[in-house]
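# Report on the structure
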Amino acid sequence: MFLRRKKYKFNPDTLNFEYQKEIFVKKLIKGISFFILSTIVFVGYFFIYTSVLGYELPKTSLLKKRSAVWYSKLDVISAQLAENQNTLYELQLRDNNLYRPIFGMDEISQDVRNAGFGGVDRYDYLKGLDRSGVLTSLCQETDILIKKAYIQSSSYEDVDVLATKAEEMAYCIPRISPVSPRNTHLSSGYGMRLDPITKDSYKMHSGLDISGPIGTPVYVTGDGVITKIYYDMFGYGHYIVVDHGFGYKTRYAHLNKVLVKEGQKVKRGDEIALLGNSGRSTGSHVHYEVIFRGKAINPLNYFNYKIKPSEYAAIIHNRKNNEDSVNS
Amino acid sequence: MGRYNFDKDKFQFEEDKNKSKTIITTIIWLLISSVALSILYYLIFSLFFSTPAEKKLVAENKIIKKEYASINSKVILLDDAVSDLEIRDQKIYKEIFNSNPPDFNQKSIDTTSFLGYDDFTKKIVDYTGHKISMLEYEVKKNDLIVDSLTSFLKNNASSLRNIPSKVPLENFTILQTGAGIGKKMHPYYKTIVYHEGIDFIANLGTNVLSAADGVVQTVYRSSSDKGNYVAINHGNGYITYYYHLGLIQVREGSNVRGGDVIGEVGTTGISFAPHLHYEVKLNGKVVDPLNFFFGDINPAIFRQMLMISMTTGQSLD
């Protein structure tokens, strides 16, 4: 072991070397002054390091690194949010500009879509803690987007119900002519006319007469259920009533032969009868009525008789094909 | 006065020279030991105390850590909800238009796809070089076209006024574009029928505008087929048709200017939903109305409209 060498001092008065004894108090004073001195030096270094050289304290930079890691995680979330926001925005536009007008629904205003996010500051607890404000805005944005997604979702529920219904309605509403325009012609329209048999008085003609050869197929003009098959010798002759739902019924009269049964479900384009001359009739024709909520209306407002026979054939053919694909 | 040590071998006092060997080494020692001491002091200090800035950082990191968990779970929820909405959107769109909704979020070339290569910088340079030469070629080509157009227009300036270049709908946004010209499924017949115009979907009562200056040729009111409609003759062989209108606000023979209100969107005639069916005829022949909208919309929007009108599978008649 290295022993501490004793220190001696030359005393000029006694002309002697004297062993220097260190007293406790002196030691203490020495220690304190050393501590004070070193602290001053420490403060000096500290000052030079932080203020003159401009470096950051190790602890601070460590904390900043950790903070940077958190911020990069927040960045990822922010990017995710931005993507969701874009998608939501596009969906909103489509909802407001496309779906809602189509189904006659009112547009959801931006006020409603952004509702509940003014006034009370619900992110107060983050104040002062969040230096950059990034966290606060992220929290807020997330909550707003979730709310918007919720509003969009409930809107889609409404739209979806109507869309499904509209699609069903598109199939059910009597939208085609009951007979092909090939070899047939309109012989009498809807409205007041001279009675064709007695020719003595004007009567309301509540349907449309389309003439054609006996045996021409009569097709049902929309999806529905056969509700009535009847024979009325002095009136409509053999006739069929089909209920299409949504307030629509159709009547096909003066038929030669009925090919369906009561209660049978039919689809647009199904052949339900053959054209004839039964009942109170002056020639072979089909009397076609569209009844909306119990009132006969002009069938011509519901279909286009002027379409090409080939187009008409395609519609009938298309329905038959669908039938086949369902069955097989 | 120096210090002295007792040398036991020589049996005499010798001046202690350790301290004053060299001033430089002393200074270096002093420096090193003081720095070491300062570091020690700092370590002890930092264990127990933080500067105000550090305190803030600690608090912030803590709150972010806490909030991150909750935000993250919310974002996962939102992701799910939004993708669910997209699926429902597709379903609804399909029910109405018989096709998928247009997707405008297509990403441009993804630069990270180059990262797989060892020489990816070279690949990027090659790709960019190729792209630049392509663009140069396109620019030259377009220059020629612009030149010929300019010279043509110098001689035929007045003919521009007849072109139905305005989108015939007030406050139009591209998403309102429906089925364009071409073979589309009929909403009721469910068969493919040639669609001779373009559909614009809008709320009932939205103003319908004249596409250019002209004279009202026909005003027709009907509950069947095309419904209430207006035809405007713009001269030079251009006639535009506006079908399924609700209210009509012009009379036959009246003069209209491009952008004038001629009526309101309706759903008269055989129509699936409120919409404007717009047709353009040039010398009696049906032409694509989209091609004339350059006066009203920029190329990017034109491209999007074209895309929607082409991909929409079902007309509203």
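Please read all numbers here as calculations on a predicted model, not as lab measurements. (Residues numbered from 1 in each chain as written. Chains lettered and ligands numbered in written order. Predicted model: local features only at pLDDT ≥ 70, side-chain atom pairs only at ≥ 80, totals over all residues. Heavy atoms only, no water.)

## Considerations on the overall build of chain A
When helices and strands are tallied, chain A shows five helices and 14 strands. Its C-alpha atoms give chain A a radius of gyration of 47 Å, clearly above 20 Å, the size a compact globule of 328 residues would have. Overall, the C-alpha framework of chain A stretches about 170 × 45 × 30 Å when taken along its three principal axes. Considering chain A as a whole, with its 328 residues, one finds that 39% of them fall into the buried category. Within chain A, contacts between residues at least 6 apart in sequence are counted, and of these 63% link residues at least 24 apart. Looking at chain A as shown, the accessible area adds up to about 18,600 Å², and 58% of this sits on carbon and sulfur atoms. Averaged over its 43 positive side-chain charges, chain A has a centre that lies 10 Å from the centre of its 34 negative ones. (Helix = DSSP H or I, 4+ residues; strand = E, 2+ residues; numbered from the N terminus. Rg over C-alpha atoms; globule rule 2.2 N^0.38 Å. Buried < 20%, exposed > 50% of the residue type's maximum accessible area, 1.4 Å probe, protein only. Contact = heavy atoms within 4.5 Å. Areas by Shrake-Rupley, 256 points an atom, 1.4 Å probe, with all protein chains shown as cover. Lys, Arg positive; Asp, Glu negative; His and termini not counted. Charge placed at Lys NZ, Arg CZ, Asp CG, Glu CD.)

## Some words on the pattern of salt bridges
Following the criterion strictly, the structure yields 15 salt bridges over all chains and no others. Across the pair Arg88(B) and Asp84(B) runs a salt bridge whose closest N-O atoms are separated by 3.9 Å. Of this pair, Arg88(B) and Asp84(B) are both found in helix 2 (residues 52–97), four residues apart, which corresponds to roughly one turn of the helix. Overlapping salt bridges bring together Glu90(A), Arg94(A) and Asp89(B) as one network. (Salt bridge = Lys/Arg side-chain N within 4 Å of Asp/Glu carboxyl O.)

## A few points about the confidence of the model for chain A
Taken over all residues, the pLDDT of chain A has a mean of 85, while the share at 70 or more is 92%. Taken element by element, the predicted model of chain A shows its lowest mean pLDDT in helix 5 (residues 309–327) of chain A (72) and its highest in strand 7 (residues 217–219) of chain A (95). (pLDDT = per-residue confidence, 0-100.)

## What about the packing of helix 2 (residues 58–102) of chain A against helix 4 (residues 134–172) of chain A?
Residue and element names in this part refer to chain A. Between helix 2 and helix 4, the least distance of the axes is 10 Å, while the angle of their chain directions is 30°. Accordingly, the angle class assigned to the pair helix 2 and helix 4 is roughly parallel. Crossing of helix 2 over helix 4 shows left-handed handedness. (Axes fitted to C-alpha atoms, helices over the stretch in contact; angles between N-to-C directions. Parallel < 35°, antiparallel > 145°, perpendicular 65-115°, else oblique. Left-handed = near helix turned anticlockwise from the far one by under 90°.)

## Regarding the interface of chain B and chain A
If you look at the interface, chain B gives 74 residues, while chain A gives 85 residues. Interface area for chain B against chain A, summed over the two sides, is near 7,500 Å², with a carbon-plus-sulfur share of 65%. Where chain B touches chain A, the interface holds five salt bridges. For the interface between chain B and chain A, the tally reads 22 residue pairs in polar contact (both at pLDDT 80 or more). Elements represented by at least two residues in the side of chain B that touches chain A include exactly strand 1 (4–7), helix 1 (23–48) and helix 2 of chain B. Broken down by element, the residue count for the side of chain B that touches chain A peaks at 30 residues, all from helix 2 of chain B. Residues of the side of chain B that touches chain A, tallied by class, amount to 41 nonpolar, 18 polar and 15 charged. (Buried area = accessible area lost by both parts, 1.4 Å probe. Polar contact = N/O pair within 3.5 Å; in protein donor to acceptor, adjacent residues only side chain to side chain. Nonpolar A, V, L, I, M, F, W, Y, C, P; charged D, E, K, R; others polar.)

## Notes on the side chain of Ser34(B)
Residue position: Ser34(B) is located in helix 1. Only 2.7 Å separates the side chain of Ser34(B) from the side chain of Tyr45(A), close enough to count as a polar contact. Contact partners of Ser34(B), with chain neighbours within four places excluded, come to Val41(A) and Tyr45(A).

## Quick word on helix 2 of chain A
Between the first and last C-alpha of helix 2 of chain A there are 64 Å, a value that for 45 residues agrees with the 66 Å anticipated at 1.5 Å per step. Among the residues trailing helix 2 of chain A, Gly104(A) stands out with phi positive, at a value near 65°. (Expected span 1.5 Å × (residues − 1).)

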